[in-house]
Amino acid sequence: MDIGSPQERGQWGSKLGFIMAAAGSAVGLGNLWKFPFLAGQNGGGAFVLVYFLILFVVGFTLMMAEITVGRYTQLNAIGAYRKIKASWAWVGSLGVIAGFLILSFYSVIGGWIIAYIVKAASGAFNTADTKMLGDMFTTFIQSAGAPLFYHGIFMLLTLGIVIGGIQNGIEKYSKILMPALLIMIVLVMIRSITLDGAMEGVKFFLNPDFSKITGGVILSALGQVFFSLSLGMGCMITYGSYLSKDTNIPECAFYIPLIDTGVALLAGLAILPAVFAFNFPPDAGPGLLFITLPAVFSKMPMGSLMGVLFFTLALFAAITSSISLLEVCVSYVVDEWNWTRKKATLIIAGLIFAAGVPCSLSQGPWSHIKLIKGKGILDSVDFVASNILLPLGGILLCVFIGWVWGLRRIQRISKTDEGKTIITWELEYTDALKEVTNDGKINFALAPIWVFLIKWLAPVAIGIVFIQGIF
Ligand code: TRP
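Heads up: these notes are all about the structure in this document. (Residues numbered from 1 in each chain as written. Predicted model: local features only at pLDDT ≥ 70, side-chain atom pairs only at ≥ 80, totals over all residues. Heavy atoms only, no water.)

**Some details on the overall build of the protein chain**
Put simply, the rule is: Helix and strand definitions here come from DSSP, where helices need a minimum of 4 consecutive H or I residues and strands a minimum of 2 consecutive E residues; each element is numbered from the N-terminal end. Taken over C-alpha atoms, the radius of gyration is set against a globule rule of 2.2 Å times the number of residues to the power 0.38. The classification of residues rests on relative accessible area computed with a 1.4 Å probe and restricted to protein chains. Under 20% of the type maximum is buried, over 50% is exposed, and intermediate values are partly exposed. Working rule for contacts: check all heavy atoms of both residues, and any pair within 4.5 Å makes them a contact. Values of accessible area rely on a 1.4 Å probe in the Shrake-Rupley scheme; residue burial ignores everything except the protein chains shown. Residues scored as charged are limited to Lys and Arg (positive) and Asp and Glu (negative), so that His and the chain ends carry no count. Positions of charges follow a simple convention, taking NZ of Lys, CZ of Arg, CG of Asp or CD of Glu.
Scanning the protein chain from terminus to terminus reveals 19 helices and two strands. The C-alpha radius of gyration computed for the protein chain amounts to 22 Å, which stays within 12% of the reference 23 Å derived for 471 residues, consistent with globular compactness. The principal-axis extents of the C-alpha atoms in the protein chain amount to approximately 80 × 55 × 40 Å. Burial status across the protein chain gives 58% buried among its 471 residues. The contacts in the protein chain between residues at least 6 apart in sequence include a share of 79% that link residues at least 24 apart. Accessible surface computed for the protein chain: about 17800 Å², of which carbon and sulfur atoms make up 66%. Each charge sign in the protein chain was given a centre, from 30 positive and 25 negative side chains, and these centres are 2 Å apart.

**Examining a nonpolar patch on the surface**
Stated formally: Residues qualify for a patch when their relative accessible area is over 30% and they have no salt bridge, like charges being joined within 9 Å and the nonpolar side chains of Val, Leu, Ile, Met, Phe, Trp and Tyr within 5 Å. In the sections that follow, a salt bridge refers to a side-chain nitrogen of Lys or Arg positioned within 4 Å of a carboxyl oxygen of Asp or Glu.
On the surface, Trp403, Val404, Phe452, Trp456 and Leu457 cluster together into a nonpolar patch covering about 490 Å² of accessible area. Within the residue set of the nonpolar patch, elements represented by two or more residues are helix 17 (377-406) and helix 19 (447-470). With three residues, the top contributor of residues to the nonpolar patch is helix 19.

**Description of the site of the ligand**
To be explicit about the condition: What makes a residue near a molecule or strand is one non-hydrogen atom of that residue sitting within 4 Å of it. Two N or O atoms form a polar contact when they lie within 3.5 Å of each other; inside protein one atom must be a possible hydrogen donor and the other a possible acceptor, and for residues adjacent in sequence the pair counts only when both atoms belong to side chains. Under the convention adopted here, Pro, Cys and the residues Ala, Val, Leu, Ile, Met, Phe, Trp and Tyr are nonpolar, Asp, Glu, Lys and Arg are charged, and Gly plus all remaining residues are polar.
Around the ligand sit 17 residues, and of these Ala26, Gly30, Tyr106, Phe227 and Ser230 come closest. Between the ligand and Phe227, the relevant distance is 2.7 Å, taken from a nitrogen atom to a main-chain nitrogen or oxygen of the residue. Here a nitrogen atom of the ligand sits 3.0 Å away from a polar atom, N or O, in the side chain of Ser230. In the complex, 100% of the free accessible area of the ligand, which totals 360 Å², lies under the protein chains. Here the shell around the ligand is built from residues that sort into nine nonpolar, eight polar and no charged.

**Describing helix 19**
For clarity, the cut-off: Multiplying 1.5 Å by the residue count of a helix minus one yields the expected span of that helix. Bend at a given residue is defined as the angle between two axes, one fitted to the seven residues that end at that position and one fitted to the seven that begin there.
End to end, helix 19 covers 33 Å across 24 residues, agreeing with the expected 34 Å (1.5 Å per residue, within 8%). Helix geometry: helix 19 is bent most strongly at Leu453, by close to 50 degrees.

**Quick look at the nonpolar core**
For soluble globular proteins, the rule of thumb is that nonpolar side chains tend to be buried together. Quick reminder of the rule: Take the buried Ala, Val, Leu, Ile, Met, Phe, Trp, Tyr and Cys residues and link them wherever side-chain atoms come within 4.5 Å; each set so joined is a nonpolar core.
Residues Phe18, Ile67, Phe290, Phe310 and Ile401 are the most contacted members of the largest nonpolar core, which totals 167 residues. The biggest single contributor to this core is helix 15 (residues 303-337), with 18 residues. Setting aside anything within four residues of it in sequence, one finds Phe290 in contact with Trp33, Ile109, Trp112, Ile113, Tyr116, Phe137 and Phe311.

**With respect to the packing of aromatic side chains**
Rule in force here: Stacked, edge-to-face and tilted labels apply to pairs of Phe, Tyr and Trp rings (six-membered ring for Trp) whose centres lie within 6.5 Å, assigned for plane angles under 30 degrees, over 60, and everything in between, in that order. Charge-over-ring placement is defined geometrically: NZ (Lys) or CZ (Arg) within 6 Å of the ring centre, and within 35 degrees of the ring normal.
Counted under the stated rule, the structure contains 35 aromatic pairs. Ring plane angle 10 degrees and centroid distance 6.3 Å describe the contact between Phe125 and Phe297, whose orientation is recorded as stacked. One end of the pair, Phe125, is in the loop between helix 6 (89-121) and helix 7 (130-142); the other, Phe297, is in helix 14 (residues 288-298), with 172 residues separating them in the sequence. Phe297 matches Phe125 in its accessibility class, with the two residues each being buried. Here the guanidinium or amino end of Lys343 rests over the ring plane of Trp339, the centre of that ring lying 4.4 Å away.

**Observations regarding helix 17**
Its 30 residues place the ends of helix 17 40 Å apart at the C-alpha level, agreeing with the 44 Å of an ideal helix rising 1.5 Å per residue. Maximum bend of helix 17: about 35 degrees, positioned at Phe400. The element helix 17 is largely enclosed, with a buried count of 23 among its 30 residues.

**Description of the packing of helix 11 (residues 215-229) against helix 19**
Our working rule: For helices, the fitted axis covers only the stretch in contact; all axes are lines through C-alpha atoms, and the angles between them, taken along N-to-C directions, range from 0 to 180 degrees. The labels follow the angle: roughly parallel below 35 degrees, roughly antiparallel above 145, roughly perpendicular from 65 to 115, and oblique for the rest. A clockwise turn of the near helix away from the far one marks a right-handed crossing, whereas an anticlockwise turn of less than a right angle marks a left-handed crossing.
The N-to-C vectors of helix 11 and helix 19 enclose an angle of 130 degrees; their axes lie 8 Å apart at closest approach. Taken together, the axis directions place helix 11 and helix 19 in an arrangement best described as oblique. Our pair here, helix 11 against helix 19, has a crossing hand that is left-handed. Between helix 11 and helix 19, the contacting residues are Gly215, Ile218, Leu219, Leu222 and Phe226 on the first element and Ile462, Val465, Phe466, Gln468, Gly469 and Ile470 on the second.

**A look at the pattern of salt bridges**
Going through the model one piece at a time under the given rule, you end up with six salt bridges. In this structure, Glu336 engages Arg82 in a salt bridge whose closest nitrogen and oxygen atoms are separated by 2.4 Å. Note that Glu336 is positioned in helix 15 and Arg82 in helix 5 (residues 77-84), a separation of 254 residues in sequence. In this structure Glu336 comes out as partly exposed when scored by relative accessible area, which is 24%.

Honestly, it's all geometry; don't read function into it.
Printed below as a string of structure tokens:
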């Protein structure tokens, strides 16, 4: 395979196709599974508030940054850094490692989703008894064989699409399934908030209790912004590299986080009110989606069918994300080592499957193994990847764009007729800014703000949260 030329590498068919595929990468288990349970564990509204603050300061800024680097270089994460400044290529490698780690446990949870499609279809959701549903969930994830089997199926599905390449695979599926998922979540949310006692949950989710905000809560929110938006590991660099030169980057970088956060909020509103209605502890953790939603379906007309539909769409959301994780690793090997796409996909997917095995077993047979801060294997891998590697990748990206690639504000000193000195600041249109503003078509009024965010506010904010959250 030729490297570098856009035709050979494939390109998105249209701007909408790109937004849908990128939103497809962003919207996934992070929104449906992780966001509600993290909110439940971290004080509800307090977490949501902090999430929003970080989203505005860091999320939009970095989304634009990654897409820009990708489109400018038309390369995978590592190649992109190398092309701009060779000594920075290792930052890209950090991203490929993060992607590998994330997909290893992501695929395990994806497997749980497949198992729940089967359970829904076989009528297992005919009870609103959360104790019973909880036991069903625990029994399932604690067993050794079944979760591994479904983990394997999930990896096979992911691999099957990535082998097909960009346009035939990723884009085609995203455009249809994303809107379908949205409709389904809205339906489930309506049922959930109309349950008796659900309002307590809505309050919990939307009313911030400031006393609940701690360093740990802020770090989780930071990690979740990165995870949910697929940032900090070169995923959006890779997707941006298939983007044609005339696309408006700021516009894309605005819509993707918007869609992503919308879905996360809807998922929270679908799950947390039901948690309260059924008197279930909100801080129950990773099982929340799998225990509460079946109880909601049992209270809906055609509950089993709704359950099958919901978990099927959740599976598609998960797969449009997992393909982006795999694509980062694959495109690296294809671009840098000249492997064929097929060979790269098969081998890497196999390795990731293997890495997921201990994650899966850590829910049952290996649950006694604790790695970091008393967390089991799966949670530890998640912690290292989401809360350490992704924020680190984010800071490095800011420094890279702001200070290495160069985004300059230059001072101009002029004199008025009366001899008064006026100092004005102007942006110098370096390559980075030209790329964002479509090659100098200077239509981007927010450019100075972006420059400030990426040089100062975002890296400093990530740095502070990171350091005080870890220690
Ligand atoms: N954002 C996806 C989700 O919310 C997961 C994901 C896909 C991801 N690509 C990523 C996370 C890259 C971090 C980095 O489910």
